[in-house]
Amino acid sequence: MRFLIPLAVFLVMVIFLAIGLTLDPREVPSPFIGKPAPAFALPQVADAQKTLAPADFKGQVALVNVWASWCVSCRQEHPVLVELAKRKLVPIYGLNYKDQREDALAWLDRYGNPYTASAFDADGKTGIDWGVYGVPETFVIDRAGIIRHKFTGPITPEILENTLLPLIRQLQGSPS
Amino acid sequence: MMCSTRLSSVRQLQGSPFTIRFILLFLAGLFAGSALAVEVRQFDDPAKQRRYENLIEELRCLVCQNQSLADSDADLAKDLRDEVYGIIQSGQSEQEAVRFLTDRYGDFVLYRPPVKPITVLLWTGPVLILLAVALFLWKHQRQRPTLARLELTDEERQRLERLKKNLEG
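How would you sum up the state of the cysteines? Please name residues and give values.
The bond known as a disulfide is covalent and runs between the sulfur atoms of two cysteines. All names here are of chain B. For the coordinates displayed, the defined rule picks out 1 disulfide over all chains. Lacking any disulfide linkage, Cys-61 is separated from the closest cysteine sulfur, that of Cys-64, by 4.8 Å. Residue classification places Cys-61 among the buried residues on the basis of a relative accessible area of 1%.

Describe the packing of aromatic side chains, listing the residues and the values that go with them.
For the structure on display, the rule yields 10 aromatic pairs over all chains. For the pair Trp130(A) and Phe139(A), a centre-to-centre distance of 4.9 Å together with 80° between the ring planes defines the contact as edge-to-face. Trp130(A) sits in the buried class, given a relative accessible area of 0%. Given the relative accessible area of 0%, Phe139(A) is considered buried. Where Phe43(B) meets Tyr52(B), the ring centres are 5.2 Å apart and the plane angle is 45°; that geometry is what we call tilted. Neither residue differs from the other here; Phe43(B) and Tyr52(B) are each classed as buried. Cluster of aromatic residues (ring-pair linked, three or more members): Trp67(A), Trp107(A), Tyr111(A) and Tyr115(A). The side chain of Arg60(B) reaches across the aromatic face of Phe108(B), ending 4.5 Å from its centre. A cation over an aromatic ring shows up here: Arg104(B) above the ring of Phe100(B), its NZ or CZ 3.8 Å from the ring centre.

Conventions used here
- Residues numbered from 1 in each chain as written.
- Chains lettered and ligands numbered in written order.
- Predicted model: local features only at pLDDT ≥ 70, side-chain atom pairs only at ≥ 80, totals over all residues.
- Heavy atoms only, no water.
- Disulfide = S-S within 2.5 Å.
- Buried < 20%, exposed > 50% of the residue type's maximum accessible area, 1.4 Å probe, protein only.
- Phe/Tyr/Trp six-rings, centres within 6.5 Å; stacked < 30°, edge-to-face > 60°.
- Lys NZ or Arg CZ within 6 Å of the ring centre and 35° of its normal.

Put into structure tokens, the structure is as follows:
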């Protein structure tokens, strides 16, 4: 009995520390989950005369992927997005964050363009409005334009299959 | 990713045989890093400048999470300092600057999180632990034999005397 109390305290500490170890401190919970996608109206990467705004992807489940040609992890994630675009399961919109237009275009030319359209956020202000802190980031947006999920970091095939696609299918299945 | 200013200077040092040169280069790297983070900001009012400077010390950089916005060299930290500067310079309050950031990045940007149901344990935890330890010590203090209990009863004393006499006799 005398040893039970310290043992209990120790076990509780172990449990808390073990939970702490499984959490990723880099992952900042987004305050946007369940809220409408923040408004913007930006020129497109491919054509500065055309604009892209959240209204353009309303009415469908969509991915918004924040990317940049200077971003190393985006290079790693890119083949997964190109593959996903080929499957035509969900449109992918790009938010080209703090990039040079020529660099962005050259990058898409070289590695393939999975995006239905990319917004060109040269000064990164829209990125800040969307709470972007580490490119790449990917938002899942439902038909009503509500952000349902945010993934920070490069999408791997596992994350796509196990997390993103099930959610996308579920959102596509539910009536808007 | 911009935290790498320091890391790369450390990496350059590896393999060089001169220890003192290591240290000097390392220190130079440290200072080069922090010198970058300081920008000159013009305010039309010294009070605004003080508010701005206090504020960026209280806000966390999301890229280099152990640095405040004031300390961080990250590109994003610079952009966020620009935003905070703009808000303060335009005459809005600190709360409005804080709200701008928490709306986008959540309470995570605050080094001092607000008291909410989810943070109650964070704020009261140390006091609760202190109370628990105090309670524990108090309870165990009472269980310890007191001096009074160590003293012999009359009966015991008589027995002791008898034993002593037996030994002597």
